[in-house]
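Read off the chains here:
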Amino acid sequence: MKTKVFQSGNSQAVSIPKELQFERLDLEYEIELNGDSITICLVPAPLTNVLSQIAAFSDDFLVESRPEQGEQERDFS
C-alpha cells in the first residue's frame with residue numbers, strides 16, 4: 001500500500017488508507033522510527049485506577065468462591 005506525506009500546520013502528516021485505519025481515535029498512540037520504517041503502536045492503558053477499583057470491592061468479595069482446602073499432606077521422599 002502506498003500513501004503520501006503532507007504538511008499539516010507545523011507538522012507532517014500521513015494519510016492512513018481505510019483498510020488500516022484505527023478503530024478508536026480517542027486513544028493515545030506512540031510513533032517510532034526504525035531505520036527507514038515508521039511504527040505506530042497503541043499506548044497501553046495506564047494502571048493508575050487499579051488500586052481505587054480494587055478498593056471498591058466489598059470485604060466479602062469472593063469469600064465463598066473457593067472452598068477452604070486446609071493443609072495438604074505431601075510425601076517428600
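Residues numbered from 1 in each chain as written. Predicted model: local features only at pLDDT ≥ 70, side-chain atom pairs only at ≥ 80, totals over all residues. Heavy atoms only, no water.

Trainee: Any chance you could explain the overall build of the chain here in plain terms?
Mentor: Summing up its helical and strand segments, the chain has 1 helix and 4 strands in all. Helices and strands appear in the chain in the N-to-C order β-β-β-β-α. Taking 11 Å as the expected radius of gyration for a compact globule of 77 residues, we find that the chain reaches 25 Å, considerably beyond that expectation. Referenced to the eigenvectors of the C-alpha coordinate spread, the extents of the chain come out at roughly 70 × 40 × 25 Å. The buried share among the 77 residues of the chain stands at 1%. In the chain, once contacts between residues fewer than 6 apart in sequence are set aside, the share between residues at least 24 apart is 0%. When the accessible surface of the chain is summed, it comes to about 8300 Å², and 52% of that surface belongs to carbon and sulfur atoms. Of the side-chain charges in the chain, 6 are positive and 14 negative, and the distance between the mean point of each set is 17 Å. (Helix = DSSP H or I, 4+ residues; strand = E, 2+ residues; numbered from the N terminus. Rg over C-alpha atoms; globule rule 2.2 N^0.38 Å. Buried < 20%, exposed > 50% of the residue type's maximum accessible area, 1.4 Å probe, protein only. Contact = heavy atoms within 4.5 Å. Areas by Shrake-Rupley, 256 points an atom, 1.4 Å probe, with all protein chains shown as cover. Lys, Arg positive; Asp, Glu negative; His and termini not counted. Charge placed at Lys NZ, Arg CZ, Asp CG, Glu CD.)

Trainee: Can you help me understand the pattern of salt bridges in this one?
Mentor: Proximity of charged atoms lets side chains of opposite charge pair with each other. Tallied over the entire structure, the rule returns 1 salt bridge. Put simply, Arg-24 and Asp-26 hold a salt bridge, and the shortest N to O gap is 2.7 Å. Under the relative-accessibility criterion, Arg-24 is labelled partly exposed at 43%. (Salt bridge = Lys/Arg side-chain N within 4 Å of Asp/Glu carboxyl O.)

Trainee: Honestly, the pairing of strand β4 (residues 37-42) in this entry has me stumped. Any pointers?
Mentor: Within a regular strand, side chains alternate between the sheet's two faces. Bridge analysis of strand β3 (residues 29-34) against β4 gives 6 bridges, and the strand direction is antiparallel. Within β4, the residue paired with Ile-31 across the bridge is Ile-40. Remark: 2 residues form the turn of the hairpin made by β3 and β4, two consecutive strands paired antiparallel; Gly-35 in that turn has positive phi of roughly 65°. (Pairing = 2+ DSSP bridges.)

Trainee: Please clarify how a nonpolar patch on the surface should be interpreted in this entry.
Mentor: Together, Met-1, Val-5, Val-14, Ile-16, Leu-20, Phe-22, Leu-25, Ile-31, Leu-33, Ile-38 and Ile-40 line one region of the surface with nonpolar side chains, adding up to about 1200 Å² of accessible area. Among the structural elements, Phe-22 can be located in the loop between β2 (11-14) and β3. (Patch = residues over 30% accessible without salt bridge, like charges linked within 9 Å, V, L, I, M, F, W, Y side chains within 5 Å.)

Trainee: What is the right way to read the environment of Ser-15 from this model?
Mentor: Along the chain, Ser-15 turns up in the loop between β2 and β3. The class of Ser-15 is partly exposed, set by a relative accessible area of 40%. Ser-15 sits 13 residues away from Lys-2 along the chain, and the two C-alpha atoms are 9.5 Å apart. Here Ser-15 is in contact with Thr-3, Lys-4 and Phe-6, once residues within four sequence places are set aside.

Trainee: Explanation requested: the environment of Phe-22 in the structure shown.
Mentor: The exposure class of Phe-22 is partly exposed, given its relative accessible area of 32%. Through-space distance from the C-alpha of Phe-22 to that of Leu-42 is 9.4 Å; in sequence the pair is 20 residues apart.

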